[in-house]
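Now for the letters of each chain:
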Amino acid sequence: MDKEVDVFYRELPKVELHAHLNGSVSFQTIEKLICSKPQLNIKHNMTAIAKGQRRTLDECFQVFKVIHQLVDSEEDILMVATDVIKEFAADGVKYLELRSTPREEATTGLSKRKYIETVIQAIQQCKKEGVDIDVRFLVAIDRRNGSQVAMETVQLAEEFLLSSDGLVIGIDLSGDPTVGHGRDLIPALQRAKNSGLKLSLHLSEVLSQHDETDLLLDIPPDRIGHGTFLHPEMGGSQNFVDKVVQKKYHLLCLTSNVKGQTVQCYDEHHFKYWYKMGHPVVICTDDKGVFATDLSQEYKIAATTFGLDREAIWKLSKQAIDYIFAPDSVKQQLKQRWRELQPEFK
Ligand SMILES: CNc1ncnc2c1ncn2[C@@H]1O[C@H](COP(=O)(O)O)[C@@H](O)[C@H]1O
Ligand SMILES: [Zn+2]
């Protein structure tokens, strides 16, 4: 990256609303994990997709399985979460919503409850150290695990919603989009919504999920991720577009979609469609470790691919504040930060 350009994007205050914990583990942290578990014989090319490389979405999901082998104890989660939070902060992210699927591991004694507690501990530790970032946590449902696990996950999240002092604020629905059907998860998602958990859903990440998209959009969620195949030009429908416009949601992950091959190239990314319409979009990383990127890089790619000047980029990063799940008082504080940091645009 050109040095001067690099500085602008790095210093740009940013909001990250779509980051999976285990997909966000950096090369450096993976290195520590590999060294602590040599018997697994895991190499870096099994945990990240390098520049210029692409994989099928299915292959991407194999990568997560490898990372899960490396991150299987309370100690690992604490390290991974702390490192990820500090890396986002170093990249200029001022507000971060991390999402992660609680796992239990019999061999290390890890339970789902302990998993969530440990992520919370990492957030609190970073706060105590004065790391300049506000972090919230979304408990993720992996769609592969079916309706019962989804319901249990929501129940667990409800407990933390009440006890985590505002840190656990919502539910994420994620996992391999080609596995299972959203229909089976509606009762759990509905329950989450009713109990005050914010709802962020991966939606229309792959083609031909009309029924599911329809059902999920009608819940309705508070936010959606990807939405690659929503608009008619991509096999979706005007009806979907109208619903998205009405609710004003759209979260986009450029490199994730290109490297996972659900989008052919940056030029053809659906960012163009929504941005041209004047619809608010929020640029996010998804999995900065697996896709070897960071949020500064994603903003720069958007700028160069779609011809956005610095003022337009600033507006994009500021607008993201309106879509965070934390309360209004936090939005106001963030807007104040942006005002203080705003450069002069010639
Ligand atoms: C590429 N697009 C994507 N689509 C859907 N789900 C994804 C994803 N990227 C990541 N995840 C979800 O996040 C998990 C890893 O982080 P955690 O172990 O939860 O912290 C993956 O196993 C998958 O369930
Ligand atoms: Zn995602």
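Below or above, wherever it landed, is the structure these notes cover. Given the structure is predicted, the values throughout are model-derived calculations rather than measurements.

What follows is about the packing of helix H6 (residues 146–163) against helix H7 (residues 186–194). Closest axis-to-axis distance for the H6/H7 pair is 8 Å, and the angle between their directions is 10°. Considered as vectors, H6 and H7 are oriented roughly parallel to each other. Here Ala150, Met151, Val154, Gln155 and Glu158 of H6 come into contact with H7, specifically with Pro187, Ala188, Arg191 and Ala192. For the contact of H6 with H7, the residue count by class is 6 nonpolar, 1 polar and 2 charged.

A few words on the coordination of the zinc ion (ligand 2). All of the protein donors around the zinc ion (ligand 2) are His18 (NE2), His20 (NE2), His202 (NE2) and Asp286 (OD); their distances to the metal are 2.0 to 2.1 Å. Considering all 4 donor atoms around the zinc ion (ligand 2), the spread of angles at the metal, 81 to 169°, places the coordination shape in the irregular class. Take histidine 18: its relative accessible area is 0%, and that puts it in the buried class. Residue classification places histidine 20 among the buried positions, given a relative accessible area of 15%.

Before going further, it helps to examine the nonpolar core. Residues Ile171 and Leu189 are the most contacted members of the largest nonpolar core, which totals 109 residues. No other element matches the 8 residues that helix H3 (residues 57–70) contributes to this core. Excluding residues within four positions of it along the chain, leucine 189 makes contact with Ile141, Ile171, Leu173, Leu199, Leu201, Leu216 and Ile219.

Turning our attention to the packing of aromatic side chains. Using the criterion set out here, one finds 6 aromatic pairs in the structure. Taken together, the ring pairs connect Phe271, Tyr275 and Phe306 into an aromatic cluster. Of note, arginine 223 hangs over the ring of phenylalanine 325, and the distance from its end group to the ring centre comes to 3.7 Å. Positioned above the aromatic ring of phenylalanine 88, the side-chain terminus of lysine 288 is 5.5 Å from the ring centre.

Residue position: serine 200 is located in strand S5 (residues 198–203). Reaching out from serine 200, the side chain makes a polar contact with the side chain of arginine 99 at a distance of 3.1 Å. The contact partners of serine 200, leaving out residues within four places of it in the chain, are Arg99, Leu138, Ile171, Asp172, Leu173, Arg223 and Phe325.

The rules behind the values
Residues numbered from 1 in each chain as written. Chains lettered and ligands numbered in written order. Predicted model: local features only at pLDDT ≥ 70, side-chain atom pairs only at ≥ 80, totals over all residues. Heavy atoms only, no water. Axes fitted to C-alpha atoms, helices over the stretch in contact; angles between N-to-C directions. Helix = DSSP H or I, 4+ residues; strand = E, 2+ residues; numbered from the N terminus. Parallel < 35°, antiparallel > 145°, perpendicular 65-115°, else oblique. Contact = heavy atoms within 4.5 Å. Nonpolar A, V, L, I, M, F, W, Y, C, P; charged D, E, K, R; others polar. Donors = N, O, S within 2.8 Å, 3.2 Å for Na, K, Ca; no water. Tetrahedral: all angles 85-135°; square planar, octahedral: opposite > 155°, others 65-115°. Buried < 20%, exposed > 50% of the residue type's maximum accessible area, 1.4 Å probe, protein only. Core = buried A, V, L, I, M, F, W, Y, C linked by side-chain atoms within 4.5 Å. Phe/Tyr/Trp six-rings, centres within 6.5 Å; stacked < 30°, edge-to-face > 60°. Lys NZ or Arg CZ within 6 Å of the ring centre and 35° of its normal. Polar contact = N/O pair within 3.5 Å; in protein donor to acceptor, adjacent residues only side chain to side chain.

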